[in-house]
Amino acid sequence: MAASAGPRALLAASSPHYVYMPGLPGAFHWLIYVALIVCLVVAAWLFNRRVRAAGVSPAELAHGLREIASKGPGEALAVVGAEVFGQRRVRRRPYAGLMHLLIFGSYGMLTLGTVLIAVQHDFTGRFFGVTFLNGNFYLVEKALLDTAALGLLAGVAMAAWRRLAIRPVTLGARPTVVVAYAALAVMAATGLLLEAMRELAYPVSWSHWTYAGHLVALAITPLVGRLNLGAYQATWVVHVIAAFTFMGGALATALDHVVLVPLNIALQSSRAPGELRLPFNLAELLESGGDLEGVSSGFANPSELDWKRRFMLASCVNCGRCEEVCPANAAGRPLSPRKLVQALKGDLLSPSDGAGDLFARGVLDTDTVWSCLSCGACARECPAFIDQPETIVEMRRHLVEEGNVDEAKALVLAQLERNQNPLGLPSYQRFARLAEAGVPTIEENPGAEYLYWVGCMSSYDQRAWGVAGAVISLLRLAGVDFAVLGESERCLGECQRKLGDEAGFQMRSMEIAETLRSHGVTKIVTHCPHCLVTLGRDYRSLGMEFEVVHHSELVQSLLAQGRLPTPKSWEGGKLTYHDPCNLGRLSGVFDAPRGLAASVAGESFVELERSREKSFCCGAGGSNYFYKVPAQESVSGLRLGQAQAAGASTVATACPFCLSMLEDAARTAPGGQGPRVADLAELLAEALGLEATAAP
Amino acid sequence: MRILVLAKHVPDTTEIRFSPTGELMVRQAPTKVNDYDRHALEEASRLRESGAEVVIASVGPPEAAKTMKEALAYGADRAVLAGGAWVADADPEAMAEVLAAIARRQGPFDLVLAGDVSEDGYNALVPGLLAAKLGTPYVRGATALGVGAASVKVTRLIGDVEEEVEVALPAVISVTRLLNSPRVISTMAVMKVPMSKVETVDLGELGLDPAAFAPGALSTRLSAVRPVQSKRGNEMLRGEPAEIAAELAAKLRGMGVL
């Protein structure tokens, strides 16, 4: 390589410090800035084109971000930090997680390294004569950057292997993304090559710190005679072109998710799992006396969605994580959350021809939206923070408003109106059994500490009677001051809301809140997780505050306080616990039921593989208890099979719907009677030798 | 084409019960559109989509106005609700008289559709009486309708025989629940119906003499309602399947079933 002896000696003798672009004409330095500006302009243009295709204007996006900033960006920053920089959800898949970490982390470090050079050379050094890329900091930085270059190469290799060899069904090997990968690989490889060439041309005493470049230098030493300044400069030009090709062009490829996903995470960050946004507040709407014409709670076509939801759909990467965890999909129902979002996204970006709603145009089938169990597994898994269950409920609302639902669903809605329960049994029979057992109503025990919300299942379903009976016996034993609403209790409307009758749900919520307030109720205990999320979270979003606890939480605290004795022995074999979706994933109650299970069964407790946040649905969620959809297998059968595989002879649950579904599955389990299924309260009451109150 | 649909405000029968003292407790029961009438409303709404005008006629208490909104949500142009103190004691004859007055005032109509029976009275008389008063043919029990310009083809199911009747319009047809699947009416759909679409009229406005509708002037009156205890019971048989089967057979033979 053509280099004089002068600078060689000079560099070798000095202490470690950064040397700015040796051997390159000064004009190159300015060319980088020109290229950077061109590249940013191209990227901005591509970004604008990308979001506008989804019907979102950059102004709306900017407004949305300003809104987050003005409300206090702490939460959004924390979520974005954990999900983007911490790659929390992405890491759940080992291969893809490592690949993402290598590419994202390495690219980030290399970009930072380049920015530091620019800052030193063109800002602190130029204006203040201050340099910081010196000494030990510089050496460590160089070593880290070499590691990043290797990491990037490894990550790109993994990505290429995945797209070209593993080929998951959801990933296509589109040419654009291959160009992006190639640009990254060339950038990293030429970076190391440049280091090596520089080391040979301008040796420094600390070159072993850039260990990867040093190894390349050793490898290319035999070629030294054929290397010249031209080759060095050409390599540098290739390096810069690769870097800017990626930076400017990534948004034109499937890698656009590096911008869209963090933005969507920021926009969706403040939402609780499973929470449905209010399409309107009926109380306010009625109070304002406004015209109801044109008021709608759902959407007929994705183009009607507000910009945040359109942006959300557009940010789907098609990774398929939702599909993998979806219980409806596992049971062979006609639903894949991935395909659903992709279909809506596709229709949003290029609407298909034809008139009518998305069902009439064949974008989706109605059975698809009715297959959803609202279990929230998909949304919890989605690294892009897409809310599939909410989107599905919004399509159901449209179907209900159009009157386009079958008789089974229409019947549930009619029965809710007439009988105040989805089962269609007379409202006056709700309290009959408990009245006979002398359970006090709130009129008989005004000012009771807890209102016990019994719920429809335990008021009417013979099997679920036992759960209320066990809870009441435990509350009585512990001396808890409680009362029930009695005949004036009625369905809280969870199934009505999931079926899509939003206005009916809100109307109901106002009436029930009024009943509760008229009795001065503030603290409520319920054994039904559906009631728990509805009364605790959904009513709160409508401005009605009640303190609601699940029976597992109350009973567990009674055990901890010593107000309930701990059972002595357990003969039920291996006990496992099925996390009801509404209690676990959607309410975050995981430990209290486990504490209870451990009190009952001690060492005999075994966890299911899909437990806690990863729990699998029983098949009743999202109102599916009340109607049928085409399927190859039953969701409850699959879940029971998981419990059987764990060797459980007793399956505990904490939801009357899960109880009914799993017990039904156990009754019809292949190979005869499956494991026993019972509520945690029933198991505890039994272990304490208590008779269930008002047992049939 | 102009269509009149009869839609009745009725208490929900699943919520009606007898008090411990044997009184019929109707008042607290939720009310609704008579289920049979929903099928007539659905059919009329479908005909309206191809250009028919649909008017709903009803006899009921003031709170029936809310039920009329629900009936209108199926898709009808307006509703006429005849009310007054006399409604509480009205018999099918009186109802038909008032409905005929509405039909004449709002008419002429090409087709009158009604549910076969109402869930509260279960007389299945009003549509036939109305046809007599209007002097039109009456076909009851429609399971399918083919409405033409001058006539209507009515399919009826009688036992396991299906017959098809063609009648000239105007005509009164009462429909069964096999006719169609009424659409679900969402809460929002009902709320969106403006109250202005419900016209409330009294006997005077219909040109009828209130004296003829006084309790004493009516030909029938409901004199008593009594609960009837039906004997139902169950018995669980336990043991091995073969034993249970033998025991069950013996019991059924004992009852004379086998």
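Residues numbered from 1 in each chain as written. Chains lettered and ligands numbered in written order. Predicted model: local features only at pLDDT ≥ 70, side-chain atom pairs only at ≥ 80, totals over all residues. Heavy atoms only, no water.

K.L.:
Just to check I follow, could you spell out the domain arrangement of chain A for this structure?
P.N.:
Quite often, the size of an interface is put as the accessible area lost when its parts meet. Split into domains, chain A comes out as domain 1 (5-263), domain 2 (297-404), domain 3 (416-559) and domain 4 (564-687). Placing a centre on the C-alpha atoms of domain 1 of chain A and another on those of domain 3 of chain A gives a separation of 58 Å. (Domains from an automatic or database assignment.)

K.L.:
In this structure, what is going on with the interface of chain A and chain B? I would like to understand it.
P.N.:
Taken together, the contact pairs 26 residues of chain A with 17 residues of chain B. Here chain A meets chain B over a buried area of about 1800 Å², counting both sides, of which 55% is carbon and sulfur. The largest share of the area that chain A buries against chain B comes from A:L292, A:R418 and A:Y428, three residues that together contribute 37% of it. Seen at the junction of chain A and chain B, the total is three salt bridges. Note that B:D12 is salt-bridged to A:R418, the shortest N-O span being 3.3 Å. One can count ten residue pairs in polar contact (both at pLDDT 80 or more) joining chain A with chain B. Put simply, the parts of the chain that give the side of chain A that touches chain B at least two residues each are α11 (282-287), α18 (388-401), α19 (407-419) and α24 (502-518) of chain A. The biggest single contributor to the side of chain A that touches chain B is α19(A), with five residues. For the side of chain A that touches chain B, a count of residues per class yields 15 nonpolar, five polar and six charged. (Contact = heavy atoms within 4.5 Å. Buried area = accessible area lost by both parts, 1.4 Å probe. Salt bridge = Lys/Arg side-chain N within 4 Å of Asp/Glu carboxyl O. Polar contact = N/O pair within 3.5 Å; in protein donor to acceptor, adjacent residues only side chain to side chain. Helix = DSSP H or I, 4+ residues; strand = E, 2+ residues; numbered from the N terminus. Nonpolar A, V, L, I, M, F, W, Y, C, P; charged D, E, K, R; others polar.)

K.L.:
So what exactly am I meant to see when it comes to the pairing of strand β1 (residues 2-6) of chain B here?
P.N.:
On a regular strand, one side chain projects to one face of the sheet and the next to the other, so that they alternate. Residues and elements named next belong to chain B. Across the five residues that make up β1, a large majority, five, are buried. Burial along β1 is two-sided: R2, L4 and L6 facing one way and I3 and V5 facing the other are all buried. Two strands pair when backbone bridges link them, and β1 and strand β6 (residues 53-59) are joined in this way by five bridges, in the parallel orientation. Bridge pairing in β6 links V5 to I56. Sheet analysis places β1 next to strand β8 (residues 111-115), joined by four bridges and oriented parallel. Paired with L6 across the two strands is A114, which belongs to β8. (Buried < 20%, exposed > 50% of the residue type's maximum accessible area, 1.4 Å probe, protein only. Pairing = 2+ DSSP bridges.)

K.L.:
Even after reading the chapter, I still don't get a nonpolar patch on the surface, so can you show me in this structure?
P.N.:
Judged by side-chain polarity, B:F18, B:L24, B:V26, B:L222 and B:V225 come together as a nonpolar surface patch covering roughly 410 Å² of accessible area. Judged by its relative accessible area of 37%, B:V225 is partly exposed. (Patch = residues over 30% accessible without salt bridge, like charges linked within 9 Å, V, L, I, M, F, W, Y side chains within 5 Å. Areas by Shrake-Rupley, 256 points an atom, 1.4 Å probe, with all protein chains shown as cover.)

K.L.:
Where do I start with the sheet that holds strand β8 (residues 676-679) of chain A in this structure?
P.N.:
One key point about sheets: their strands pair by backbone hydrogen bonds, in either a parallel or an antiparallel sense. Residue and element names in this part refer to chain A. If you walk across this open sheet you meet the four strands as β6-β5-β7-β8, and the pairing is parallel. Edge strands, defined here as strands with exactly one partner in the open sheet, are β6 (605-606) and β8. One ladder, built from two bridges, connects strand β5 (residues 575-577) with β6; its direction is parallel. Bridge assignment links L575 to a residue of β6, and that residue is F605. Strands in contact with helix α29 (residues 656-667) are β7 (650-653) and β8; relative to β8, the strand with the most contacts, it is inclined by about 170 degrees. (Axes fitted to C-alpha atoms, helices over the stretch in contact; angles between N-to-C directions.)

K.L.:
How should the side chain of A:T253 be read in this particular structure?
P.N.:
Residues and elements named next belong to chain A. On the secondary structure map, T253 appears in the loop between α9 (229-249) and α10 (257-268). Polar side-chain contacts of T253 include one of 2.8 Å to the backbone oxygen of A250. A polar contact is formed between the side chain of T253 and the backbone nitrogen of L255, at a distance of 2.9 Å. Not counting residues up to four positions away in its chain, the partners in contact with T253 are T176, V177 and A180.

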